[in-house]
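Notes for the structure review
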Amino acid sequence: MTDKEQTKKIEVFEKELLPHIDALKTFAYHLTFDDQDAEDLVQETYLKAYRFIGKYNEGTNAKAWLFKILKNAYINQYRKKVKRPTRVDFEEIVSYHDTDDNSKTNYLDLRQEIFENIMGDEITKEINNLPIDFRTVVLLCDVEGFTYEEISKIIDVPIGTVRSRLFRARNILKEKLKAYAESQGYSDMRGARKLKKNTQEEE
């Protein structure tokens with residue numbers, strides 16, 4: 001590699017890859033639940049990214065590329081600890097097809113119905129309690145904002161599988177958070193109407 005090529009490699013690394021370090025740290029922590037393990041995972045991700053930067057197409061989706069590397073690094077790390085990662089079969093929702101139809105009345109969009117109505121740390125707690133396959137798609141979609149297609153590529157599963165896992169995860173969270181929402185004065189999570197506010201208005 002010439003000096004010019006090496007300089008270009010460093011420039012791309014610093015300009016397009018390093019800016020995503022905070023998002024990677026957050027994702028890594030939600031996978032490991034350990035600060036040191038998360039730091040190690042992010043470090044390994046960037047070492048691999050730098051080593052294989054020739055495979056990265058400048059100007060494309062650097063964040064998705066890095067998340068895929070981190071996900072693979074996590075799986076390899078997990079395999080070393082417990083022989084093989086837990087496999088979860090959550091594709092029983094066969095009726096939820098691979099379409100862009102989000103109009104189903106029983107479909108919960110966390111960004112619209114939970115995250116916009118700040119409920120404190122309870123959300124994080126319940127997300128962390130989800131099985132790893134569910135937790136991953138929720139974090140990638142509702143927290144990091146990846147598209148279904150991007151998530152499909154990051155975790156190496158069909159888009160239909162991404163959708164079914166996300167569908168199931170969101171509804172699990174909806175049920176888990178229902179009691180908490182009511183305790184905070186929300187009578188309707190969909191409309192986010194506060195009981196306390198209604199009471200005050202009646203008075």
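Residues numbered from 1 in each chain as written. Predicted model: local features only at pLDDT ≥ 70, side-chain atom pairs only at ≥ 80, totals over all residues. Heavy atoms only, no water.

Quick look at the overall build of the protein chain now. Helix and strand counts for the protein chain come out as ten helices and two strands. In sequence order, the secondary structure elements of the protein chain are arranged as α-α-α-α-α-α-α-α-α-β-β-α. The proportion of buried residues among the 203 residues of the protein chain is 42%. Surface accessibility of the protein chain: about 12,100 Å² in total, with carbon and sulfur atoms responsible for 48%. (Helix = DSSP H or I, 4+ residues; strand = E, 2+ residues; numbered from the N terminus. Buried < 20%, exposed > 50% of the residue type's maximum accessible area, 1.4 Å probe, protein only. Areas by Shrake-Rupley, 256 points an atom, 1.4 Å probe, with all protein chains shown as cover.)

What you tend to see is this: most non-glycine residues have negative phi, and most peptide bonds are trans. Backbone geometry places Phe33, a non-glycine residue, at a positive phi of 60 degrees. Its place among the elements puts Phe33 in the loop between helix H2 (21–32) and helix H3 (35–51). One non-glycine residue, Asp156, adopts positive backbone phi at about 60 degrees.

With 44 residues, the main nonpolar core has Leu17, Phe67, Leu70, Leu140, Ile151 and Ile155 as its most contacted residues. Breaking this core down by element, the ones donating at least two residues are helix H1 (3–17), H2, H3, helix H4 (62–82), helix H6 (122–129), helix H7 (132–143), helix H8 (148–155) and helix H9 (159–183). Every residue in contact with Ile155, bar those within four places of it in the chain, is listed here: Lys71, Thr136, Val137, Leu140, Val162 and Arg165. (Core = buried A, V, L, I, M, F, W, Y, C linked by side-chain atoms within 4.5 Å. Contact = heavy atoms within 4.5 Å.)

A few words on the packing of H7 against H8. Axis angle and axis distance: for two packed helices, these are the angle between their axes and the distance between the axes, and together they describe the pair. Contact pair H7 / H8: the axes reach a minimum separation of 10 Å and the direction vectors enclose 135 degrees. One element, H7, and the other, H8, form an angle in the oblique class. Crossing of H7 against H8: the hand is right-handed. Along the contact surface, H7 presents Thr136, Val137, Leu140 and Cys141, while H8 presents Tyr148, Ile151, Ile154 and Ile155. (Axes fitted to C-alpha atoms, helices over the stretch in contact; angles between N-to-C directions. Parallel < 35°, antiparallel > 145°, perpendicular 65-115°, else oblique. Left-handed = near helix turned anticlockwise from the far one by under 90°.)

The end-to-end C-alpha distance of H9, which contains 25 residues, comes to 36 Å, matching closely the 36 Å that a straight helix rising 1.5 Å per residue would cover. Remark: the principal bend of H9, roughly 40 degrees, maps to Leu177. Of the residues one or two after H9, Gly185 is the one with positive phi, at around 100 degrees. (Expected span 1.5 Å × (residues − 1). Bend = angle between axes of the 7 residues up to and from the residue.)

Mapped onto the secondary structure, Lys9 falls in helix H1. Although Lys9 is buried, it forms no salt bridge, and the closest oppositely charged side chain is Glu5 at an N-O distance of 9.7 Å. Excluding anything up to four places from it in sequence, Lys9 contacts Met1, Tyr50 and Ile53. (Lys, Arg positive; Asp, Glu negative; His and termini not counted. Salt bridge = Lys/Arg side-chain N within 4 Å of Asp/Glu carboxyl O.)

Among the secondary structure elements, Phe67 is positioned in helix H4. C-alpha separation for the pair Phe67 and Ile155, spaced 88 residues apart in sequence, amounts to 8.9 Å.

Bringing the packing of aromatic side chains into the picture now. Taken as a whole and judged by the stated rule, the model has six aromatic pairs. A centroid spacing of 6.4 Å and a plane angle of 90 degrees characterise the contact between Tyr29 and Phe33, whose relative ring orientation is edge-to-face. Take Tyr29: its relative accessible area is 32%, and that puts it in the partly exposed class. Note on Tyr56 and Trp65: the rings are 5.2 Å apart at their centroids and 35 degrees apart in plane angle, and the pair reads as tilted. With a relative accessible area of 7%, Tyr56 lands in the buried category. Among the aromatic side chains, those forming a connected cluster through ring pairs are Phe13, Tyr46 and Tyr50. (Phe/Tyr/Trp six-rings, centres within 6.5 Å; stacked < 30°, edge-to-face > 60°.)

This part is about the layout of surface pockets. By volume, the second largest pocket amounts to about 200 Å³. Every residue along the wall of the second largest pocket is listed here: Lys55, Tyr56, Asn57, Thr60, Asn61, Ala64, Trp65, Lys68, Glu149, Glu150, Lys153 and Ile154. Counting residues per element, the ones that place at least two in the lining of the second largest pocket are H4 and H8. In terms of residue count, H8 provides more of the lining of the second largest pocket than any other element does, four residues in total. Residue composition of the lining of the second largest pocket, by class: four nonpolar, three polar and five charged. (1 Å grid on protein atoms, 1.4 Å probe; cavity = no way out; pocket = protein on both sides within 12 Å on 5 of 7 lines; lining within 4 Å. Points joined across faces, edges and corners; volume = space filled by probe spheres on them. Nonpolar A, V, L, I, M, F, W, Y, C, P; charged D, E, K, R; others polar.)

Remark: H2 packs on H3, axes separated minimally by 8 Å, with the N-to-C direction vectors making an angle of 130 degrees. The angle between H2 and H3 places the two elements in the oblique class. Considering how the two elements wind past one another, H2 and H3 form a crossing that is right-handed. The segment H2 lies against H3, with Ile21, Leu24, Lys25, Ala28, Tyr29 and Thr32 engaging Asp35, Asp37, Ala38, Glu39, Leu41, Val42, Thr45 and Tyr46. Classifying every residue of the contact of H2 with H3 by side-chain character gives eight nonpolar, two polar and four charged.

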